[in-house]
Structure formats: structure tokens, C-alpha cells
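# Residue-level structure breakdown
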Amino acid sequence: VEMEKQVVDGLREVFQSGRSRPLQYRKQQLGALHRLITEHQEDIEQALKQDLNRNTYNTSLFELISIENDIKLAESEMADWAAPRPVKKNLNSALDDVYIKPEPLGVVLIIGTWNYPWAMILQPLVGAIAAGNAAVLKPSELSEHSARLMKELLPLYLDKEMYQVVTGGVPETQELLRQRFDHIFYTGSSAVGKLVMEAAARHLTPVTLELGGKSPCYVDKNCDIAVACRRITWGKFANCGQTCIAPDYILCEPSIQDRIVEEIQKTLLEFYQTDPKSSPDYCRIINTRHFDRVLALMNECTIALGGESDRSQCYIAPTVLKDVLPHFKIMQEEIFGPLLPIVTVNGLSEAIQFINAREKPLALYVFSSDKTVIKRMLAETSSGGVTVNDVLMHYTVDTLPFGGVGNSGMGRYHGKHTFDQLSHHRACLIKSFAMEGLNDARYPPLTAARLRKAKFFMQHRLCSCSGICVWAVIANLLAIGLLVALIVVLNVNILV
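An account of the accompanying structure is given in this report. The model shown is predicted, which means the values in this text are computed figures rather than measured ones. (Residues numbered from 1 in each chain as written. Predicted model: local features only at pLDDT ≥ 70, side-chain atom pairs only at ≥ 80, totals over all residues. Heavy atoms only, no water.)

Looking now at the overall build of the protein. In terms of regular secondary structure, the protein is built from 17 helices and 18 strands. Structurally, the protein occupies a C-alpha span of about 90 × 55 × 35 Å along its principal axes. Burial analysis of the protein (496 residues in total) assigns 53% to the buried set. Excluding contacts between residues fewer than 6 apart, the proportion of contacts in the protein whose partners are at least 24 apart in sequence is 72%. When the accessible surface of the protein is split by element, carbon and sulfur atoms take 55% of a total near 22,300 Å². Computed over 51 positive and 54 negative side-chain charges, the inter-centroid distance for the protein is 8 Å. (Helix = DSSP H or I, 4+ residues; strand = E, 2+ residues; numbered from the N terminus. Buried < 20%, exposed > 50% of the residue type's maximum accessible area, 1.4 Å probe, protein only. Contact = heavy atoms within 4.5 Å. Areas by Shrake-Rupley, 256 points an atom, 1.4 Å probe, with all protein chains shown as cover. Lys, Arg positive; Asp, Glu negative; His and termini not counted. Charge placed at Lys NZ, Arg CZ, Asp CG, Glu CD.)

Quick look at the packing of aromatic side chains now. To describe a pair of aromatic rings, one takes the distance between the centres and the angle between the planes. In the structure shown here, the tally under the stated rule is 12 aromatic pairs. Ring centres of Phe185 and Tyr413 lie 5.0 Å apart, and the angle between their planes is 80°; this geometry places the pair in the edge-to-face category. Of this pair, Phe185 sits in strand β6 (residues 183-187) while Tyr413 sits in the loop between β17 (409-410) and α14 (416-421), and the two are 228 residues apart along the sequence. The residues Phe185 and Tyr413 share a single accessibility class, namely buried. Taken together, a centroid distance of 4.9 Å and an interplanar angle of 80° make the contact between Tyr395 and Phe402 edge-to-face. Each member of the pair, Tyr395 together with Phe402, is buried. Grouped by ring-pair contacts, the aromatic residues Phe185, Tyr395, Phe402 and Tyr413 constitute a single cluster. Above the plane of the ring of Phe354 lies Arg358, whose end atom (NZ or CZ) is 3.6 Å from the centre. (Phe/Tyr/Trp six-rings, centres within 6.5 Å; stacked < 30°, edge-to-face > 60°. Lys NZ or Arg CZ within 6 Å of the ring centre and 35° of its normal.)

Let us now look at the sheet that holds β6. Spatially, 6 strands are ordered β5-β4-β3-β6-β7-β17 in an open sheet, and the strand pairing comes out mixed. The open sheet terminates on both sides in strands that have one partner only, identified here as β5 (163-165) and β17. Across 3 bridges, strand β4 (residues 134-138) lies against β5 in parallel orientation. In the strand pairing of β5, Ala135 is matched with Tyr163. (Pairing = 2+ DSSP bridges.)

It is worth spelling out the pattern of salt bridges at this point. Evaluated as defined, the whole model comprises 24 salt bridges. The partner of Arg426 in a salt bridge is Glu103, and the shortest N-O contact between them spans 3.2 Å. Of this pair, Arg426 sits in strand β18 (residues 423-430) while Glu103 sits in strand β2 (residues 97-104); the two residues are 323 residues apart in sequence, bridging distant segments of the chain. Put simply, Arg230 and Glu270 hold a salt bridge, and the shortest N to O gap is 2.4 Å. (Salt bridge = Lys/Arg side-chain N within 4 Å of Asp/Glu carboxyl O.)

Moving on, we come to the sheet that holds β2. Strand order in the open sheet formed by 3 strands is β1-β2-β18, with antiparallel pairing between adjacent strands. Bordering the open sheet on either side are β1 (85-86) and β18, each of which pairs with just one other strand. Here 8 bridges tie β2 to β18, and the two strands are oriented antiparallel to one another. By the bridge assignment for β18, Pro104 is matched with Ser423.

Purely spatial values, then, with no claim about function.
Now the structure itself:
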């Protein structure tokens, strides 16, 4: 208990010394983080092999490349992100400096998850460092080899007085949540997300919750079904289905259900050959508890493909389930495993109704060659993100905000969005002592004439063009007290 408090108090003291304010310090820390990734890539790959049976190529594809990209982007763009951001003014503030200044929040808690234990911690950390914050990292205890390695490596590269890793299970996480942070960034389940938000509320701490949910995948009969199934198969069974934005279930018309099963079967053979269990590209369920949970979801379902399992290896084959009904257990919770249910609907309108009757998902996928179908699906549903005619790929575009809505989370990150999420956007107004006569409109004794004057100056915005000329005109007019002349100038469109 005392250890967690000491960690947070120590980080806060160093943060308040101003150490992380200079951009050069932040760049140095980002460079060190990049060296950690590149110099210990083999160690990270080995840890993930032990945690999830993930091979070298999948580790680079699904975790390391995205971390490196975020670091490089932050290094090159951070000065622009952190610079004051001018805003439009009204007449009342025409001669003043008015801008938004991003500033560090303070000490940030980043709680990661086990399915992508490096990316889900280090990508938020990149934004935290770029924004000038101190950070406590809490990796998941379920991916124990990755957690242990992260705790070992991070102090060798980063400033350990500003960035610390706390390992352990539920008790350690609960104790961390009792401390006061300036922001909490949590990735994981909706159930735990509610507990995190409840704990944060005690200190009025803002939160970013990257949760999950049942991400639907609508396959229209008017599309290239072979290509659609190839992409869906990749996105669903990568990491053994343990991806928060994996397509959770397919919605399609009954007439194409068997075709979809057939195309997925062909793709599975291409990806993992006849025995996925021996394929170097096929991962494992994280532990036996999750293995038992996922396997139980198949009860009452009709298996169209796969279904084999081996508890001793936490192996569940890529499995497709057809004719799944909405009340089945598998449709009541996020699957987070290699089971793909197919639910049949009678057309687009019924698919939209099905999606909208449930919690808002983290991702929505639509496969169609019909622009009307795509437009309706985008216009009539809500989700954290959406990808049309592919899956997962919106996550890879760092200019797009990644995050949920409603039950699938709140807040957003990736690239500049992480910087903004972990910064305070401070409103700044710097006035001079000049032009005090202008302030008569707000000083007592208030009169109808003064109120009209105040309303005029507060409601009229300055145009964004020819700014310097505008200020000069205003200054001259105010200096000789010719408000009437100012109104004439306004009427000839020098000011708006």
C-alpha cells in the first residue's frame, strides 16, 4: 500500500520541479523509448511468444511498428502540437493576445491489457511523454512475461524518477486507483472500466477508457464476398481472436450465409493450412480461465467450421458458427476469442435495427459495393470507429482518433490525439492597460447605451484576413472617440 503512494508522490514531486517542461527533455525520453524497442526487439518477441504463442512477424505487425510510428511522429510534430494555438477574436479583444496553450496535466496512470501488452501501454506513454507528463505504467499480470520484461527494461532507458512500472494483480491495481492522478488511461473490459471510472470520480480525475464490445460486421450480398471473407478471416482470427476491434459477429442475409462459410473455409486453409494448431501464425488463448469461458460460448450453437480445442495448450481452432440466434449466450458478451457467429437478417434495415438495439460498439464493419448501403449504415448507426470493406485498418491511420462511444469507451488517442487527450488546453487572454475607455461599457453605472455598446463589441468577430490593418483602424477610431465612424467602416466590410 505504502509503495504505490510513494511512487505517485515521488513522480508528482519531480514533475512539479518542471523537469519535463522543456521539449528537448521530452524528445530525449522519446528517443530512449525508441532505443528500448529496437535494442530489445528479440526479448519482446520472446516474451510474447511465451504469453500468447505469437511469432516474430505478428509481434512487429500488430505492436512494434505502431509504437515506432507514434514515436517518430511525436518527435517530428511535438513542437507544433505544444505551440500556442491562436483563436479568432471579437472586437472586445481585438488588441489582445488570445490563444490556447497546451500544458502537461501532471501524473498519468496508464493501465494496459494483456492481448497487446506492449502497444496498449507504450502508445499512450508516447503521448504522455510528448505532452510533458510523468507516468505510472501498470501492465496486465496475465501477460506476465511481458509485464516482467517491461518493469526490467524501462528504468534502463527512461528517467525512472518520471516514469515507473508497477506490476502485480488486482490488489496492486486497486491500490493505485486509490491514489490521486491527473489522468487515468485504461484499456480493457467495460466491467473493469466502470470500476476505474468510479475510483477516478473520488478525486475528480478525468479518464480515457478504451474498452471493447461486440463489433458487428455487415456483409451485403452486393459485394466481393471472396475478398470480404479473406479480410474478415484475417481480422477475426489474428491473435486468436483476442483483439478489441476484431469483428465479433457477421450479419448477412440467409441467401449468402453458406457462401460466406465456404469462402472463410478456403481462407483458413490458405492462412493456417490443414492444422491451425501447428501453424506458426496461429496464437493461443491467454490462460485456461479464458479458454473455459470462450469454449462455453459455443453451447447451443451449430458449428460450421472448426470447433476443435486442447485445454492443455489453451488452443481453440478458428471456428465459424452459423444460424446463431440473438438470444444465444455468445451474443450476450464480447467473445474475445476465435469464434465467429453468423446471424442472419432480412436486409439492410433489419441489420441497422439489430445494431442499434445493442450497446454502441468500438468498431463497425460494412462490406458492400453499393454506395447507398454504405451511406445508410454510416448515417443510421453509431460506433467508436468504422471501416468499410475491410477490418481493423482504421486503427493504423494515426491521424484518425481511436476510441469508443458509450459502452465501448470514452476519449481518443493515436498521434496528435493522444497528445491532446493528455494535455490541458489552457485558455489564455493577455490584455494591455491601454484603451481603458472601451471598458466603460461594462463598468457601473450601467445604462441602456452602455449595454448596447458592450453587446456590439462582444458580438462582432473580426475577420481572419488583413488582421494588422484591422487593428490599426480600430486603434485610430477609438483614439479619437469616433464610434460612429467605426460603424461606418463595419458597414463597408472592412470589419465583420
